[in-house]
Every structure is written in C-alpha cells, then in structure tokens.
Amino acid sequence: MKEQLIAIREAAENSIKAAKTMQEIEELRVKYLGKKGELTALLKQMGSLSSEERPVMGQLVNEAKALLETAISEKSAELKKAEQDEKLKAETIDITMPAKQSKVGKLHPLNTVLNDMIDIFQSMGFDVVDGPEVETDYYNFECLNVPADHPARDMQDTFYLGENLLLRTQTSAAQIRTMENRKPPIRVICPGRVFRADEVDATHSPVFHQIEGLVVDKGITMCDLKGVLEQFAQEIYGSDTEVKFRPSFFPFTEPSVEVDVTCSECGGKGCRVCKGSGWIEILGAGMVHPKVLASCGIDPEEYTGFAFGIGLDRLTTTRYKISDIRLLFENDKRFLDQF
Ligand code: DAH
C-alpha cells in the first residue's frame, strides 16, 4: 500500500508539473483528490489495515494529499499569471502610433457672413427676429402696398402654394409681422431664405437669402438710414469703402434707394467682378411708406421709419471671390472645406 501511495504521488506530481492549462489542472485534481479520486480510494482501503499500520498509513496519505493540494494551487497560480501576461501582451497599446485625424465641421460661408452681419447690427442696437418661409399673400405683398393687380408683382416671380399662400419672395414680409407685434421704437433685422421662380445661372438661384432691416421711431429721417447703412458697409468691407445712394423704386418705401459700395476687388477702378463700373449693388432701402405704417396700426403722423433688404449671397460671393452662386447651394464638401 505504501508503494502504491508513493507511485500515485510521484505520478501526480509529474503530471501537475507538466500541465499546461487550467483545464488539465482541474482534471488532475479530480483524478487524484476528487470523491472518486485515486488518493481517496486509497484512504477507503485503510479499513483493511491493522490498528498499528492504520495511523502510520493515514498520516502518509494525508501528507501526500496536502502535498498535491499545494502543488495544484501553486501550478494554478503560475498558469493564471502566464495567461494574464499573455493577454496583457496581446492588448498593449502603442501610444507612439500617430492618432487618427478627426474631421471637425465648419460654418458654411453664408453663415460666417451672416454671423458677422448680425454682430454689426446687434452692436447698433438691433434685435434679430424670425419670420415664416411659407407666407400669405397679405404679408408678402398686400400689406406692403402691392395689391393684387399692381405691376410691381412682376418684379418678383412667385412660387404659389395656393390662392393666398406662397413661398415668401422677400424678407420684407417680416416687417409687417414685426410692426403688428411690437410698439415703436422698433429696431430689428430679420435674416432668412427667400424664393423666386428664376432661371438658375451663375448669379441667380430660386432660393437665396436676405436680411431685412426695420427701424421705426419718432423723428427717424433719411439721415438715419444713410448713417446706419454707411456704418454697416464700412464694417463689412473696410473703413475706406465708399457708399453711393441711387434713387430707386419699391412700393413699400418712399423715397426708395439702391445702395452701391466701391468694389472690394478693384477698389473702384473697374474689374470683372463689378463689370467695369467700380461699384457693387448690395441692398435696397427707403423710408417706410406711410400707407404701410398705417396698415400696421402705426400713426404715420407721429412715427417715421426706414427699411432695407440686403442680399446675403452677393455679399458672400464677393467676399470670398466665389464666381458662381450655385456653389453656395450644392454643398460639395470639396468646396466647403476651403472655408
Ligand atoms: N424686398 C426688396 C427686394 O427683395 C428689397 C428691399 C427694398 C427691402 C427696400 C426693403 C426696402 O426693406 O426698404 O427686392
């Protein structure tokens, strides 16, 4: 029995030493120390020994059991560590590798110019208001002194959505909504998209952008209009920019003007951008027609005002020397990435 014990112990010790995985170790533990294991079987045979032999043999078996238990736990610890080392090695991060470049979004050039314009007007005390893109005939035309049969309707080719519903052709519609909702003094700008059924070409798009301005108060004159628009033009184009006011016609202003600035490309000498004239037209403006004030419930005897409508797309194409307005709407990433 003693020889048997020694043989089992040696075989077990060797196999434990040779084990390469945790699974093998577990199998060896069951094989030798488990309920039906070889050492356990040996203990069961102790009954057949004499009373002198029994304690001696019992001690030897227990010693062998303790020995194997220690061997198993040492080997498992060793295997676990090796396994972990292996895993760490496989998962190491090479922090010297170059990082992936992440793409950062940019503002569309129209928004960059719009933000500059908003800053300029806010610094002069203007609020920014919003208006709907789908408008009624009343706000887009009727109340702006353009009745149904007025020839001025031909100035703007309109997308109608129904008899009285349309896509606004001008942000001027927001003037009326503002005067209905606010009491003077009023000082607002309203930027937004406008729509016209124009042929598409390098300078025309059926969707474009305007910034409407409106000032109503007691004692507002043409001088205030000139001062505000001159300051705006010089802040946008530079302080040596000259501004020219030309008489014009809009049904909702009297008198009406169109405003030109010296061409920022050639400084006024005449070039391709200004078509040789040295000037670029940037906006329409005028003193709010007394009829328009009255139809919004503002007494034209007490209050006067001026209004203007600036084309944002023209301002953007001249600032960035963009030769075709369509580029602003195609959203080609290769084009937009340049700004
Ligand atoms: N709404 C005009 C247009 O689209 C531009 C304009 C002219 C707006 C004179 C105004 C203004 O507010 O006073 O052509």
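These notes cover the structure that comes with them.

Here is what the cut-offs are and how they apply
- Numbering of residues starts from 1 in every chain and runs along the sequence as written.
- Given that this is a predicted model, residues contribute local features only at a pLDDT of at least 70 and side-chain atom pairs are listed and counted only at 80 or more, while totals for whole chains, interfaces and linings are drawn from all residues.
- Hydrogens and waters are ignored; side-chain quantities use all the structure's heavy atoms.
- Throughout, an axis means a line fitted to C-alpha atoms (over the contacting stretch in the case of helices), and angles, computed between N-to-C directions, take values from 0 to 180 degrees.
- In this text, helices come from DSSP runs of H or I with a minimum length of four residues, and strands from runs of E with a minimum of two, each type numbered from the N-terminal end.
- Angular relationships are summarised with four words: roughly parallel below 35 degrees, roughly antiparallel beyond 145, roughly perpendicular across 65 to 115, and oblique for the angles in between.
- Helix crossings get a hand from a simple test, with the near helix turned counterclockwise from the far one by less than a right angle marking a left-handed crossing and a clockwise turn marking a right-handed one.
- Residue contacts are defined here by distance: any two heavy atoms, one from each residue, within 4.5 Å place the two residues in contact.
- Whether two strands pair depends on DSSP finding at least two bridges between them.
- Under the rule applied, a polar contact is a pair of N or O atoms within 3.5 Å (in protein, one hydrogen donor and one hydrogen acceptor; residues adjacent in sequence only if both atoms are side-chain atoms).
- The rule is simple: take the accessible area with a 1.4 Å probe, protein chains only, and divide by the maximum for that residue type; under 20% is buried, over 50% is exposed, in between is partly exposed.
- Counting rule for charge: Lys and Arg are taken as positive, Asp and Glu as negative, and neither His nor the chain ends is counted.
- We define a salt bridge as a contact between a side-chain nitrogen of Lys or Arg and a carboxyl oxygen of Asp or Glu at a distance within 4 Å.

Interaxial distance between helix 5 (residues 109-123) and helix 8 (residues 222-237) falls to 10 Å at its minimum, and their mutual angle equals 140 degrees. In terms of their interaxial angle, helix 5 and helix 8 are classed as oblique. Crossing of helix 5 over helix 8 shows right-handed handedness. Along the contact surface, helix 5 presents Asp 116, Met 117, Ile 120 and Phe 121, while helix 8 presents Val 228, Phe 232, Glu 235 and Ile 236.

Spatially, seven strands are ordered 1-4-5-9-8-7-6 in an open sheet, and the strand pairing comes out mixed. Of all strands in the sheet, those bounded by a partner on one side alone are strand 1 (127-128) and strand 6 (243-250). In this sheet, strand 9 (residues 304-311) lies alongside strand 5 (residues 207-217) in antiparallel orientation, the contact comprising eight bridges. Along strand 9, the bridge assignment pairs Val 215 with Phe 306. Of the strands in this sheet, strand 6, strand 7 (253-262), strand 8 (279-288) and strand 9 are in contact with helix 8, which crosses strand 8 at around 150 degrees. With respect to the sheet, helix 10 (residues 312-320) is in contact with strand 5, strand 8 and strand 9, its orientation differing from that of strand 9 by roughly 50 degrees.

Right, let's get into the side chain of Thr 316. Summarising the element assignment, Thr 316 is placed in helix 10. Engagement of the side chain of Thr 316 in a polar contact is seen with the backbone oxygen of Leu 312, the distance being 2.8 Å. Once you skip the residues sitting within four places of it in the chain, Thr 316 turns out to touch Pro 109, Leu 110, Val 113, Ile 322 and Leu 328.

Within the secondary structure layout, Asp 313 lies in helix 10. For the buried Asp 313, which has no salt bridge, the nearest side chain bearing the opposite charge is Arg 314, at an N-O separation of 8.8 Å. Among the polar contacts made by the side chain of Asp 313, one reaches the main-chain amide nitrogen of His 209 at a distance of 2.6 Å. The residues contacting Asp 313, other than those within four sequence positions of it, are Leu 110, Phe 208, His 209, Ile 325, Leu 328 and Phe 329.

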